[in-house]
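Residue-level listing of the chains:
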Amino acid sequence: MDSAQGGLLMTEGPAVDTTVTLMTTTGTTDTGHRVHTGTVRSWTAGVAGLVVTSHVAADPGTVEALDGQRVWVSTEAGEPGAVVPHAVFQAVAQAHRTDELALTGVMLLAAETRRGAVRVPASLPVHLTTTEGVADARTVDLSRSGLRLETDDLPAERTEVDIALELGTGLEVHARGEVVRVDDEAREAVVRFVQMDRSTAEVLERSVLSQLAKRNPGS
């Protein structure tokens, strides 16, 4: 992740027709519409990049729900050589048409050129359950697709694990994962999420984005 870009105006944005997900920066009781989807139609930077505006096509329900809201916008991994294969930025959404949002005040929170999801440093308690028992660990970093953890009781590579992750909000989320890499010297392991229900994914996504925003106070 290129942390040096965090909190900066994102003058070179995702390409036209890129699919993005949008989420309000504050919680919502509308659990069925926490995460919205749109398609980038334009990205314009003003003089010296002082003003960045993007237009995102979306269904009328999304436009109505997000009009006037501060939002997090995430791109998916792009094609090799793309300007930003994956990025998260913050903006203010306003209805431009019934089927289009204008995003203004766009600030880049993080960009990841090597992986499909941006990571955020996080030290959170996590419990791994395998056929061998339960191991206590702490996360080193976290993304919506997996986590890196440190523990004295490392599982073997390719082990499937049940994950109980304690978020800083007092919530505990559960997922199924697979250990994809182990570093015996550092006592660290990388776990990829392989099964997670939608509500858990949304809670985890909000936690990651919240931590990214906190690390970029200027945003």
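Quantities reported herein were computed from a predicted structural model and do not represent experimental measurements.

(A) The arrangement of the pattern of salt bridges in detail. By the definition in use, this model includes twelve salt bridges. A salt bridge links Asp 17 to Arg 41, with the shortest nitrogen-to-oxygen separation between them at 2.6 Å. Highlighted residues: Asp 17 in the loop between strand 1 (8-9) and strand 2 (19-24) and Arg 41 in strand 3 (residues 36-45), separated in sequence by 24 residues. Judged by its relative accessible area of 41%, Arg 41 is partly exposed.

(B) Focus on the side chain of Thr 151. One can find Thr 151 in the loop between strand 11 (146-150) and strand 12 (160-166). Assessed through its relative accessible area of 5%, Thr 151 is described here as buried. Among the polar contacts made by the side chain of Thr 151, one reaches the main-chain carbonyl oxygen of Asp 136 at a distance of 2.9 Å. Here Asp 153 takes part through its backbone nitrogen, which lies 3.1 Å from a polar atom of the side chain of Thr 151.

(C) Main features of the packing of aromatic side chains. Applying the stated rule across the entire model yields one aromatic pair. Ring centres 5.2 Å apart and planes at 90° place the aromatic pair Trp 43 and Phe 89 in the edge-to-face group. Here Phe 89 lies in strand 6 (residues 86-97) and Trp 43 lies in strand 3, a separation of 46 residues in the sequence. With relative accessibility at 17%, the residue Trp 43 sits in the buried group. With a relative accessible area of 1%, Phe 89 lands in the buried category.

(D) Highlighting the environment of Ala 213. Among the structural elements, Ala 213 can be located in helix 2 (residues 198-214). Judged by relative accessible area, Ala 213 falls into the buried class, the value being 16%. It is 9.2 Å that separates the C-alpha atoms of Ala 213 and Ala 110, two residues lying 103 residues apart in sequence.

What counts, and at which threshold
Residues numbered from 1 in each chain as written. Predicted model: local features only at pLDDT ≥ 70, side-chain atom pairs only at ≥ 80, totals over all residues. Heavy atoms only, no water. Salt bridge = Lys/Arg side-chain N within 4 Å of Asp/Glu carboxyl O. Helix = DSSP H or I, 4+ residues; strand = E, 2+ residues; numbered from the N terminus. Buried < 20%, exposed > 50% of the residue type's maximum accessible area, 1.4 Å probe, protein only. Polar contact = N/O pair within 3.5 Å; in protein donor to acceptor, adjacent residues only side chain to side chain. Phe/Tyr/Trp six-rings, centres within 6.5 Å; stacked < 30°, edge-to-face > 60°.

Note that all results are geometric; they support no functional claim without further evidence.
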